[in-house]
Amino acid sequence: GAPESTQSLTDFDRAWMLNEQLLSMCDAAYALTRYGFIKDEQNVIRRFEFRTPQRLFFDIICDLESLDSAIEIICLKARQLGCSTLIELLIGLRIIFGYGVNAVIGSADQTKTGLMSNMLFLFYDHLPIWLRPHWTRRVESDRGMLVFGHSSSGVSFQHGAQASGIARGTTPTIY
């Protein structure tokens, strides 16, 4: 019952979808505030809106990107500010619209890693069908993954308590 394609599109519909795809590829804030869905504190699925700490953190990332600098941030964060949510959504955009992206998302705790994987799958599943690429491998667990073979991109979920090291044997381009 899940739709896999669109049909009976007008030229205007096709042009609008292409425009939305291009805007989403070029502007993370645009994509997140229009197509990003998260669960709020009451566990209600809603559209992403920047909180003040998230916006400040996002602006720092934007400044580094505009300088063509490496974006390497050690974020010793306070709880419940939404920084992990923002980073996970940005990683989601990178694997969905990027090419050759090898991402790793994880936590020190296995249970928290499972929750983080659920957040990324929720984001992907709520994208319109004309915006989301079809995955080639999808494993929903704390040691899962979401892979897009056509763009050689994907993300794996790992945790610090696992027997082998995080991202062992791979070279992550974003984590």
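Above this text sits the structure in question.
A quick note: this is a predicted structure, and the numbers were derived from the prediction, not measured.

J.: Help me understand the environment of Thr 113 in this model?
T.: Here Thr 113 shows up in helix 5 (residues 110–125). We classify Thr 113 as buried; its relative accessible area is 0%. Along the sequence, Thr 113 and Phe 157 sit 44 residues apart, while their C-alpha atoms lie 6.7 Å from each other. Side-chain polar atoms of Thr 113 contact the backbone oxygen of Gln 158, separated by 3.4 Å.

J.: I'm lost on the nonpolar core in this one. Help?
T.: The tendency in soluble globular proteins is for nonpolar side chains to be buried as a group. Core analysis: the biggest nonpolar cluster contains 35 residues, and Leu 32, Ile 95, Leu 146 and Val 155 have the highest contact counts within it. Looking at this core, the elements that each hand over two or more residues are helix 2 (28–35), helix 3 (52–66), helix 4 (83–97), strand 3 (102–107), helix 5, strand 5 (145–148) and strand 6 (153–159). No other element matches helix 4, which puts 8 residues into this core. Leave out the neighbours within four places in its chain, and Ile 95 touches Val 101, Ala 103, Leu 120, Leu 146, Phe 148, Ser 151, Ser 153, Gly 154 and Val 155.

J.: Even after reading the chapter, I still don't get the environment of Gly 36, so can you show me in this structure?
T.: Note on placement: Gly 36 falls in the loop between helix 2 and strand 1 (37–39). A relative accessible area of 0% places Gly 36 in the buried class. Spatially, the C-alpha atom of Gly 36 lies 8.6 Å from that of Glu 49, the residues being 13 residues apart in sequence. Sequence-distant contacts of Gly 36, that is, excluding residues within four places in its chain, are made with Ala 31, Arg 46, Arg 47, Phe 48 and Phe 123.

J.: Please explain the packing of aromatic side chains as it appears in this structure.
T.: The description of two aromatic rings rests on the distance between their centres and on the angle between their planes. Under the defined criterion, the tally for this structure stands at 6 aromatic pairs. Ring centres of Tyr 35 and Trp 130 lie 6.0 Å apart, and the angle between their planes is 90 degrees; on these two criteria the pair is classed as edge-to-face. One end of the pair, Tyr 35, is in helix 2; the other, Trp 130, is in the loop between helix 5 and strand 4 (137–139), and 95 residues separate them in sequence. Among the residues examined, Trp 130 registers a relative accessible area of 19% and is labelled buried.

J.: Before we go on, may I ask you to explain the state of the cysteines in this structure?
T.: Note: disulfide means a covalent bond formed between the sulfur atoms of two cysteine side chains. Taken as a whole and assessed by the stated rule, the structure comprises 0 disulfides. Cysteine Cys 62 shares no disulfide, and the gap to the nearest cysteine sulfur, in Cys 26, comes to 13 Å.

J.: Can you walk me through the environment of Gln 42 in this structure?
T.: By the element assignment, Gln 42 lies in the loop between strand 1 and strand 2 (45–47). The class for Gln 42 is exposed, based on a relative accessible area of 60%. The spatial distance from the C-alpha of Gln 42 to the C-alpha of Leu 9 is 37 Å, given a sequence separation of 33 residues.

J.: How do you make sense of the packing of helix 2 against helix 4 when you look at a structure like this?
T.: Pairs of packed helices are described in terms of their axes, by the angle between the two and the distance that separates them. Look at helix 2 against helix 4: their axes get within 11 Å of each other, and the N-to-C directions meet at 105 degrees. The angle between helix 2 and helix 4 falls in the class roughly perpendicular. Along the contact surface, helix 2 presents Ala 28, Ala 31 and Leu 32, while helix 4 presents Leu 86, Leu 89, Leu 90 and Leu 93. Looking at the contact of helix 2 with helix 4, its residues break down into 7 nonpolar, no polar and no charged.

J.: Which parts of the structure should I look at to understand helix 1 (residues 11–26)?
T.: Within an α-helix, residues lying three or four positions from one another point in the same direction, as the helix has 3.6 residues per turn. Between the first and last C-alpha of helix 1 there are 23 Å, a value that for 16 residues agrees with the 22 Å anticipated at 1.5 Å per step. Looking at the buried residues of helix 1, the elements they touch are helix 2 and helix 4.

J.: Just to check I follow, could you spell out the pairing of strand 6 for this structure?
T.: Extensive coverage of strand 6 is indicated by the burial of 7 of its 7 residues. By the alternation rule, side chains of strand 6 split into Ser 153, Val 155, Phe 157 and His 159 and Gly 154, Ser 156 and Gln 158, which are all buried. Of the pairings in the sheet, the one linking strand 3 to strand 6 comprises 6 bridges and is parallel in character. Note that in strand 6 the partner of Ile 105 across the bridge is Phe 157. The hairpin formed by strand 5 and strand 6 contains 4 residues between the paired strands, and Ser 152 there has a positive phi angle of roughly 50 degrees.

Rules and cut-offs
Residues numbered from 1 in each chain as written. Predicted model: local features only at pLDDT ≥ 70, side-chain atom pairs only at ≥ 80, totals over all residues. Heavy atoms only, no water. Helix = DSSP H or I, 4+ residues; strand = E, 2+ residues; numbered from the N terminus. Buried < 20%, exposed > 50% of the residue type's maximum accessible area, 1.4 Å probe, protein only. Polar contact = N/O pair within 3.5 Å; in protein donor to acceptor, adjacent residues only side chain to side chain. Core = buried A, V, L, I, M, F, W, Y, C linked by side-chain atoms within 4.5 Å. Contact = heavy atoms within 4.5 Å. Phe/Tyr/Trp six-rings, centres within 6.5 Å; stacked < 30°, edge-to-face > 60°. Disulfide = S-S within 2.5 Å. Axes fitted to C-alpha atoms, helices over the stretch in contact; angles between N-to-C directions. Parallel < 35°, antiparallel > 145°, perpendicular 65-115°, else oblique. Nonpolar A, V, L, I, M, F, W, Y, C, P; charged D, E, K, R; others polar. Expected span 1.5 Å × (residues − 1). Pairing = 2+ DSSP bridges.

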